[in-house]
Amino acid sequence: MPSEWQIHNATRTSWTSLDALSNLRLNTNVPKPTVIPPKTALVRMKAAALNARDFMVLAHDPIYPGNHVNDLVPCADGAGEVEAIGEGSQWKVGDKVLVHPNAWIDEGLPGPIPFECPQKGADNEQGTLREYAVWEDSHLISAPSHLTFAEMAAMPACGATSVNALFHGPEPLKAGMTVLTQGTGGVSCFAIQLASAIGARVIATSSSDAKLELAKMMGATHLINYRTHANWEQEVLRLTNGKGVDLVVDVAGSGTIEQSLAAVKFGGQVSLVGFMSESKKTDLVLAIILGGKTVRGVANAGSKAMAEQAAQLAEKYKIHPVVATIFEWEDAKEAFAMLNAQSAVGKIVIKI
């Protein structure tokens, strides 16, 4: 019988605690789907990738809201191969596909991105950490031909988020512009790769010189260790001759937003992607008004069109999403433990 990982218990813990792993179990007795409705496809899942919010859901931490159902299959990122199709499906058997991470489809570009519409693997929307899944046609995306299944799985959420953050604000990133990225998680890595591919200059920050060297290999031009440069925004201003960068992709949130605003140019933009740092009260009014700056929230990755754009750009520039580690199916809990440690460069992938 096929198997799937499930969030079987609803014990509430902090998303920073490994205690949440007790909520996860492997169910090895899951019937293979036999009914394939019209305009759907049965996909043999080959890989799933982890995002920080997957641990938040696993922990039932209210930082990521939702009434997560019992036996919820976690994870929003995944890739696989079409094994069978329903009547009228646009796919064919053998197609390699990415799973659109959001539970909603918005074909407008740009368009509204409602937080109350969750991603897969949360609330009552089953996720990708399973051997077989029936997906509606509109929730699948053609995979770039040069990628492995692990690389495919690593791309949908971070790719759509990066595209959203870089290209769908008031001033889209273009060649010759400068962008600041933070850390070496999935979004930051893909943003570095994508920005450098189109000819933008990238300033990358990290807590580790070793990780910064990897960022350089991805395409970053300038590197800043924020542990040795606590006032890293001053280093950014030095590197930009006092002007500041055109765009900041901020993944930390409360802990970095003040410095991000200081590092961005007059009239520039901060794409606020994450909230990985501890919450605190901050007065940003003067920095935003006097600097004519924009802080733009990038919620729930992006529309399907943005995920498709990410796949097309990866194909065009032959970008390989950064995969930190590939875990075997039975070692999924170890993968979540690595996610909890926040030590990975790129995406953590589970082979299905």
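Computed from a prediction, not measured in an experiment: that's the story for all the values here.

Visitor: How should I be thinking about the overall build of the protein in this particular structure?
Guide: Secondary structure assignment for the protein yields ten helices and 15 strands. Scaling as 2.2 N^0.38, a compact globule of 352 residues should have a C-alpha radius of gyration of about 20 Å, and the protein matches this with 20 Å. C-alpha extents for the protein along the principal axes are approximately 60 × 40 × 35 Å. Relative to its 352 residues, the protein shows a buried fraction of 56%. Put simply, 71% of the contacts in the protein that link residues at least 6 apart link residues at least 24 apart.

Visitor: Please explain the environment of E235 as it appears in this structure.
Guide: Tracing the backbone through its elements, the reader meets E235 in helix α6 (residues 232-239). As a C-alpha pair, E235 and D250 span 15 residues in sequence and 16 Å in three-dimensional space. Setting aside residues no more than four positions away along its own chain, E235 makes contact with I224 and H229. A distance of 2.6 Å separates the side chain of E235 from the side chain of R238, its partner in a polar contact.

Visitor: I would appreciate a short explanation of the sheet that holds strand β11 (residues 245-250) in the present structure.
Guide: Strands pair in a sheet through their backbones, by hydrogen bonds, and they do so in one of two ways: parallel or antiparallel. Pairing in this open sheet of six strands is parallel, and the strands run β10-β9-β8-β11-β12-β13 from one edge to the other. Both edges of this open sheet fall to β10 (222-225) and β13 (294-297), since each of them pairs with a single strand only. Pairs of neighbouring strands in the sheet enclose a mean axial angle of 20 degrees, with direction left out of account. Relative to β13, strand β12 (residues 264-272) is paired through four bridges, and the arrangement is parallel. The residue of β13 that forms the bridge with L272 is G297. Against the sheet, helix α5 (residues 209-218) makes contact with β9 (201-206) and β10, and its axis sits at roughly 160 degrees relative to β10, the strand it touches most.

Visitor: What am I meant to see in the packing of aromatic side chains here?
Guide: Between two aromatic rings, the relevant description is the distance of the centres plus the angle of the planes. Across all of its chains, the model carries two aromatic pairs by this definition. Where W5 meets W329, the ring centres are 6.4 Å apart and the plane angle is 70 degrees; that geometry is what we call edge-to-face. Residue W5 is found in strand β1 (residues 4-7), and its partner W329 is found in the loop between β14 (323-327) and α10 (332-341); the two are separated by 324 residues along the sequence. Like W5, the residue W329 is buried in the burial classification. Ring geometry for F55 against F336: centres 6.3 Å apart, planes inclined by 50 degrees, an arrangement best described as tilted. Placement of the pair is F55 in helix α1 (residues 52-58) and F336 in helix α10, with a sequence separation of 281 residues. With respect to burial, F55 and F336 carry one shared label: buried. Its guanidinium or amino end placed over the ring of Y132, R44 lies 5.5 Å from that ring's centre, counting from NZ or CZ.

Visitor: Mind showing me how you'd approach a nonpolar patch on the surface here?
Guide: Taken together, the side chains of V285, L286, I289 and L290 present a nonpolar region at the surface, about 440 Å² in accessible area. Examined against the element boundaries, V285 turns out to sit in helix α8 (residues 285-291). Of the residues examined, V285 reaches a relative accessible area of 47% and is grouped as partly exposed.

Visitor: Even after reading the chapter, I still don't get the environment of G219, so can you show me in this structure?
Guide: As for its position among the elements, G219 is in the loop between α5 and β10. Sequence separation of G219 and G199 is 20 residues, and the distance between their C-alpha atoms is 9.8 Å. Setting aside anything within four residues of it in sequence, one finds G219 in contact with I192, S196 and V202.

Visitor: How do you make sense of the pattern of salt bridges when you look at a structure like this?
Guide: All told, the structure shown has eleven salt bridges when counted by the stated rule. D95 is paired through a salt bridge with K92; the nearest N and O atoms lie 3.0 Å apart. For D95, a relative accessible area of 14% translates into the label buried. Salt bridges linked by common partners bring E171, D246 and K265 together as one network.

Visitor: Before we go on, may I ask you to explain helix α9 (residues 304-317) in this structure?
Guide: Counting along an α-helix, one turn takes 3.6 residues, and residues three or four places apart therefore face a common direction. The terminal C-alpha atoms of α9 lie 20 Å apart, and with 14 residues this matches the ideal 20 Å at 1.5 Å per residue to within 8%. By the burial criterion, the buried members of α9 are K304, A305, M306, A307, A310, A311, L313 and A314. Positive phi appears at K318, one or two residues downstream of α9, with a value of about 55 degrees.

Visitor: I tried to follow the side chain of S260 on my own but got confused; where do I start?
Guide: Counting through the fold element by element, S260 comes out in helix α7 (residues 257-263). Exposure remark for S260: the relative accessible area of 0% places this residue in the buried category.

Visitor: Looking at this structure, how should I read helix α4 (residues 186-197)?
Guide: With twelve residues, α4 should reach 16 Å at 1.5 Å per residue; the first-to-last C-alpha distance of 16 Å fits that figure. Along α4, the residues classified as buried are G186, V187, S188, C189, F190, A191, I192, Q193, L194 and A195. Backbone geometry just after α4 places G199 at a positive phi near 100 degrees.

Visitor: What's the story with the domain arrangement of the protein in this structure? I'm lost.
Guide: It is common to give the size of an interface as the accessible area that goes away when the parts come together. Annotation of the protein at the domain level lists domain 1 (4-156 + 316-351) and domain 2 (161-297). Relative to domain 2, the C-alpha centre of domain 1 lies at a distance of 27 Å. In total, about 1,400 Å² of surface goes out of reach between domain 1 and domain 2, with carbon and sulfur atoms giving 74% of it. Its largest share of buried area at the contact with domain 2, domain 1 owes to Y317, I319 and V345, together 35% of the area lost on that side. Taken together, domain 1 and domain 2 are joined by zero salt bridges. Along the contact surface separating domain 1 from domain 2 lie two residue pairs in polar contact (both at pLDDT 80 or more).

Here is what the cut-offs are and how they apply
Residues numbered from 1 in each chain as written. Predicted model: local features only at pLDDT ≥ 70, side-chain atom pairs only at ≥ 80, totals over all residues. Heavy atoms only, no water. Helix = DSSP H or I, 4+ residues; strand = E, 2+ residues; numbered from the N terminus. Rg over C-alpha atoms; globule rule 2.2 N^0.38 Å. Buried < 20%, exposed > 50% of the residue type's maximum accessible area, 1.4 Å probe, protein only. Contact = heavy atoms within 4.5 Å. Polar contact = N/O pair within 3.5 Å; in protein donor to acceptor, adjacent residues only side chain to side chain. Pairing = 2+ DSSP bridges. Axes fitted to C-alpha atoms, helices over the stretch in contact; angles between N-to-C directions. Phe/Tyr/Trp six-rings, centres within 6.5 Å; stacked < 30°, edge-to-face > 60°. Lys NZ or Arg CZ within 6 Å of the ring centre and 35° of its normal. Patch = residues over 30% accessible without salt bridge, like charges linked within 9 Å, V, L, I, M, F, W, Y side chains within 5 Å. Areas by Shrake-Rupley, 256 points an atom, 1.4 Å probe, with all protein chains shown as cover. Salt bridge = Lys/Arg side-chain N within 4 Å of Asp/Glu carboxyl O. Expected span 1.5 Å × (residues − 1). Domains from an automatic or database assignment. Buried area = accessible area lost by both parts, 1.4 Å probe.

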